[in-house]
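These are the residues of each chain, in order.
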Amino acid sequence: MTTVNKHRLNEQEYLQGELYSQIKHEFVAGEVFAMVGASASHNLISGNIFAELRSHLKGKPCRPYINDMKVKIAENFYYPDVVVDCSDISNDAYFVETPILIVEVLSASTKNYDKTFKLQQYKNIPTLQEYIMIQQETQLVEVVSRLDGWQPQYYELGENFILQSVGLQMSVADVYDGLKL
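Residues numbered from 1 in each chain as written. Predicted model: local features only at pLDDT ≥ 70, side-chain atom pairs only at ≥ 80, totals over all residues. Heavy atoms only, no water.

J.: Is there a simple way to explain the layout of surface pockets in this structure?
T.: One simple way to see leftover space: roll a probe sized like a water molecule over the atoms. Taken as a whole, the largest pocket encloses approximately 380 Å³ of empty space. The wall of the largest pocket is formed by 22 residues, among which Met 35, Val 36, Ala 38, His 42 and Asp 81 lie closest to the centre. Within the residue set of the lining of the largest pocket, elements represented by two or more residues are α2 (40-57), β9 (99-106) and α3 (111-123). Here the lining of the largest pocket takes 3 residues from α3, the largest share from any one element. In the lining of the largest pocket, the residues fall into 8 nonpolar, 9 polar and 5 charged. Contributing to the lining of the second largest pocket are Glu 18, Leu 19, Ser 21, Gln 22, Ile 23, Lys 24, Asp 68, Met 69, Lys 70, Tyr 79, Ala 93 and Tyr 94. Residues of the lining of the second largest pocket, tallied by class, amount to 6 nonpolar, 2 polar and 4 charged. (1 Å grid on protein atoms, 1.4 Å probe; cavity = no way out; pocket = protein on both sides within 12 Å on 5 of 7 lines; lining within 4 Å. Points joined across faces, edges and corners; volume = space filled by probe spheres on them. Helix = DSSP H or I, 4+ residues; strand = E, 2+ residues; numbered from the N terminus. Nonpolar A, V, L, I, M, F, W, Y, C, P; charged D, E, K, R; others polar.)

Take a look at the structure:
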């Protein structure tokens, strides 16, 4: 993630700019940061998680979103890879404020940022129940949950884990389906 410029924007300027931008940007403390493109592995993992959530939540009030739905925390905006929100948002909304589940697929360039800064930011969301961090280079899923005091639980190939926020059991193999690691 790189800083686009040092000119500080307000929230409305940022949101308006995102509507027309070819590149996604996160908005933190008035600064805009360009998002890097995602690898095939990143896309497959995100898609696998989204597909499982979409199937599981069909007909229920909670909805999963993938890649392009922003999460607003105070005056900041982030683009998680997958997010689940149960609020009644309009169909033309571009961000959610009350997610219950956030998933980030970790890349070499964002791993530390996602595991430290974003984790701290996401913990400030009162509705958030779980944050899932998925490695790309190895089959490892890390689940941190409000119910467990935000203590990490790790799952490897051959293991299952439960997303308590939505009542979904998944296997690590399903997360990495289609990848050759």
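J.: I keep staring at the state of the cysteines and nothing clicks. Help me out?
T.: In a disulfide, the sulfur atoms of two cysteines are covalently bonded to one another. Scanning the model with the defined rule gives 1 disulfide in all. Here Cys 62 engages in a disulfide with Cys 86; their sulfurs sit 1.8 Å apart. Sign of the S-S torsion, about 95° for the bond between Cys 62 and Cys 86, identifies this disulfide as right-handed. Here Cys 86 lies in the loop between β7 (82-85) and β8 (95-96) and Cys 62 lies in the loop between α2 and β4 (63-66), a separation of 24 residues in the sequence. For Cys 86, a relative accessible area of 29% corresponds to the partly exposed category. (Disulfide = S-S within 2.5 Å. Buried < 20%, exposed > 50% of the residue type's maximum accessible area, 1.4 Å probe, protein only.)

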